[in-house]
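Overview (structure and organization)
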Amino acid sequence: MGLTKQMVHEALRTVPLGGELADLVGSGRVVWMAACDAVASVRLRDDGSNRRPTAEAVFSAIDAAAKAAGERLDVLTVEFVDAAGKAVATERVGGVASHPSPRGPSTAPQGVGGHTPIPGLDPAGTGLAGVSRIIAVGAGKGGVGKSTIALNLAVGLARRGHSVGLLDGDIYGPSMPTMLGLGGLEQVVREGMMEPFYTHGVKCVTMGKLVQADKPLIWRGPMAHGAFKQLVEQTNWGPLDYLIIDLPPGTGDISLTMAQVLRLTGAVVVCTPQKVAQDDAVRAARMFEQLGVEVLGVVENMSYFVGDDGKEYDLFGKGGAKAMAGRLGVPFLGGVPITMALRVNSDAGNPTANFTATDRAGRELSGALEGVVTEVEGRAALAEVRARSARPSLKIS
Ligand code: ADP
C-alpha cells in the first residue's frame, strides 16, 4: 500500500521537538502534505529557526508511524513557506545517497541534500531563481521513450534526496498526466503562479492539465514559444536541485525557446538502438550543440528485452546507440531494457515501482535506471564546474 496521507497527518500530531511532543497540525504550522510509496512531502509555516532539527524530527515521527503500519519512509522533503505561501527553504531527510543499492531499499536517514539556497537570486545562473541545474531530455523522434527516461531520471534523482522539478515541455503531446497518475487532480493557481503537482517526490507542471485531454494541441510557433515560457516562468517551483525538461521530439521551436530563456546545465539524448533511430538522435545532438547546450550523453532505451523470467532478448541490436555516442564523441549514459513492468507502471502512473520491484526483470530495470541516474548526476556536476570556470567574472579595481 505504501505511506498514506493519513499516516503522515497522524504523525505530525506528535513530533519529538525540543524534548516534547509537538502537535504541528493543531498548532496550524502544517500547510500541506503528501505521501506516495516511501516518499513524503510536508509544507510547514516557517518560524525562521530550527529548520533542520524540525525536518529531522518530522522524519522520525513519520518513520515511526510508517514502521508501525508495516511501511517505510525513504525520503522526506520539508518545504518551509512564509505567510504568503512562498517557499523560503527546503530541507530533505533520507535518500539513497550517492552510491545507492538498486537492489534494496534505503534505511536510515542520511541527511542528503541539506539546505537549498533561498530563491530570489539566481546564483547558479540557470535563468530560474533558486534552480541549481537544468537538464533537457530530447530525442530525434517520438516513441523512443524520451518521456519515460525524463520521468524516471527525475524520480531517481528525487529518491536520492534531491529536490527535483519536471517540466513536461512536450506541449504537443504531454505524457506526464498519465505517467505520473495526475488523473483527478486540478491545476492550482495562486496569485497568478501555478503550483506544481507534487507526486513520487517530484514537482511537475504539464500542459496536459491545462487543456482538455482529447483536444488536439495546434500551436503556431509564437504560441508554442509563449506556452513553454509560461510553464517555465509562471510556476512556483521553489528551490530545486534539478529541473528536468521533457522536450517535444525533433528539433523544433520549443528547444529554441528553451535555449533563449534558460541556461541549461546540459541535455540528455534518448535513442533506441536501430540505425534509423540513431540518425535522428544525431540530429538532436547536433541541435543541442548549435544551441550552445552541452550534450551530457546518450541513453539507449529499449536496449534489449527482459522477460519476467529475467531472460534477455536482443530485439533491436543492443549497443547501436552506444556506438553512435562514441562516433559523436559524447558520453554513453547507459542502456535501459524493455520490460513489461516499465510500460505497465507508466500507464498506471506509478514510476516509483520501477525502482522497487524485486523480481529478476525488476532488478534489471531498477539497476539500469539507477545507473543512468548516477551517470547524469556525475556528468551534470562536471558540466556545472566547466560552465562556472568559463563564466566571466567581474573585476572591480
Ligand atoms: P516518447 O516520449 O519518446 O514519445 P514515451 O516515453 O512516451 O516515448 O514511450 C512510448 C511508450 O513506450 C510508452 O507507452 C512507454 O511506457 C513505453 N516504453 C518506453 N520505454 C520503454 C521500455 N524501456 N520498456 C517498456 N516500455 C517502454
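What you see is a predicted model, and the numbers here were worked out from it, not measured in a lab. (Residues numbered from 1 in each chain as written. Predicted model: local features only at pLDDT ≥ 70, side-chain atom pairs only at ≥ 80, totals over all residues. Heavy atoms only, no water.)

Relative to each other, helix H7 (residues 275-290) and helix H8 (residues 320-328) sit at 40°, their axes nearing to 10 Å. Along this stretch, H7 crosses H8, giving a crossing that reads as right-handed. In this structure, H7 contributes Gln278, Ala281, Val282, Ala285 and Arg286 to the contact, and H8 contributes Gly320, Ala321, Met324, Arg327 and Leu328. Here the residues of the contact of H7 with H8 sort into 6 nonpolar, 2 polar and 2 charged. (Axes fitted to C-alpha atoms, helices over the stretch in contact; angles between N-to-C directions. Helix = DSSP H or I, 4+ residues; strand = E, 2+ residues; numbered from the N terminus. Left-handed = near helix turned anticlockwise from the far one by under 90°. Contact = heavy atoms within 4.5 Å. Nonpolar A, V, L, I, M, F, W, Y, C, P; charged D, E, K, R; others polar.)

Attention shifts here to the confidence of the model for the protein. Averaged over every residue, the pLDDT of the protein is 85; residues scoring 70 or more account for 87%. Residue range residues 96-120 is modelled with pLDDT below 50. Its contacts to residues more than four positions away, or to other chains, number 55 contacts. (pLDDT = per-residue confidence, 0-100.)

Moving on: the environment of Lys322. Tracing the chain through its elements places Lys322 in helix H8. Between the alpha carbons of Lys322 and Val299 there is a distance of 8.0 Å; along the sequence they are 23 residues apart. If sequence neighbours within four positions are ignored, Lys322 has contacts with Glu300 and Phe332.

Right, let's get into the environment of Val270. Position of Val270 relative to the elements: it lies in strand E14 (residues 266-271). A relative accessible area of 1% places Val270 in the buried class. When the C-alpha atoms of Val270 and Ile149 are compared, they prove to be 7.5 Å apart, with 121 residues separating the residues in sequence. (Buried < 20%, exposed > 50% of the residue type's maximum accessible area, 1.4 Å probe, protein only.)

Consecutive side chains along a regular strand alternate between the two faces of the sheet. With 5 of 5 residues buried, strand E8 (residues 164-168) lies mostly within the body of the structure. Alternating residues of E8 divide into Val164, Leu166 and Asp168 and Gly165 and Leu167, and every residue in both groups is buried. The pairing of E8 with strand E12 (residues 202-206) spans 5 bridges and is classified as parallel. Along E12, the bridge assignment pairs Leu167 with Val205. Pairing between E8 and strand E13 (residues 240-246): 5 bridges, direction parallel. Residue pairing across strands places Leu166 opposite Ile244, the latter belonging to E13. (Pairing = 2+ DSSP bridges.)

A word on the site of the ligand. The environment of the ligand is formed by 16 residues, the closest being Gly143, Lys146, Ser147, Thr148 and Pro337. A distance of 2.9 Å separates an oxygen atom of the ligand from a polar atom in the backbone of Lys146. The separation between a nitrogen atom of the ligand and a polar main-chain atom of Thr339 is 3.2 Å. Out of a free accessible area of 560 Å², the ligand has 82% covered by protein chains. Elements that contribute at least two residues to the shell around the ligand include exactly helix H3 (146-159), strand E15 (295-306), strand E17 (332-338) and helix H9 (340-348). The class makeup of the residues in the shell around the ligand is 6 nonpolar, 8 polar and 2 charged. (Near = heavy atom within 4 Å. Polar contact = N/O pair within 3.5 Å; in protein donor to acceptor, adjacent residues only side chain to side chain. Areas by Shrake-Rupley, 256 points an atom, 1.4 Å probe, with all protein chains shown as cover.)

Let us look at the pattern of salt bridges. Summed over the entire model, instances satisfying the criterion amount to 25 salt bridges. Here Arg13 ties to Asp23 by a salt bridge, and the two come within 3.4 Å at their closest N and O atoms. On the criterion of sequence distance, the pair formed by Arg13 in the loop between helix H1 (5-11) and strand E1 (15-17) and Asp23 in the loop between strand E2 (20-22) and strand E3 (30-36) is long-range, its members being 10 residues apart. Under the relative-accessibility criterion, Arg13 is labelled partly exposed at 33%. The residue Glu377 makes a salt bridge to Arg160 at a minimum N-O spacing of 2.7 Å. On the criterion of sequence distance, the pair formed by Glu377 in helix H11 (residues 360-390) and Arg160 in the loop between H3 and E8 is long-range, its members being 217 residues apart. When sorted by exposure, Glu377 lands in the same class as Arg160, which is buried. (Salt bridge = Lys/Arg side-chain N within 4 Å of Asp/Glu carboxyl O.)

What follows deals with the nonpolar core. If you look at the biggest cluster of nonpolar residues, it comprises 41 residues, and the most contacted ones within it are Leu167, Leu243, Ile245, Met258, Leu262 and Phe288. Elements represented by at least two residues in this core include exactly strand E7 (131-139), helix H5 (221-233), E13, helix H6 (253-261), E14, H7, E15 and H8. Per-element accounting of this core gives the leading share, 6 residues, to H7. Apart from the residues lying within four places of it in its own chain, the contact partners of Phe288 are Ala136, Gly138, Leu247, Met258, Ala267, Val269, Val293 and Val295. (Core = buried A, V, L, I, M, F, W, Y, C linked by side-chain atoms within 4.5 Å.)

This part takes up the packing of aromatic side chains. Inspection of the entire model under this criterion finds 2 aromatic pairs. Judged by centre distance (5.5 Å) and plane angle (15°), the rings of Trp32 and Tyr198 are stacked. With a gap of 166 residues between them, Trp32 in strand E3 and Tyr198 in strand E11 (residues 197-199) connect regions that are remote in the sequence. Under the relative-accessibility criterion, Trp32 is labelled partly exposed at 28%. Residue classification places Tyr198 among the buried residues on the basis of a relative accessible area of 14%. A ring pair is formed by Phe305 and Tyr313, whose centres lie 5.7 Å apart and whose planes are at 35°; its orientation type is tilted. For Tyr313, a relative accessible area of 36% translates into the label partly exposed. Over the face of the ring belonging to Trp32 we find Arg43, whose NZ or CZ atom lies 4.7 Å from the ring centre. Here the basic side chain of Arg133 rests over the ring of Tyr242, its NZ or CZ set 4.8 Å away from the ring centre. (Phe/Tyr/Trp six-rings, centres within 6.5 Å; stacked < 30°, edge-to-face > 60°. Lys NZ or Arg CZ within 6 Å of the ring centre and 35° of its normal.)

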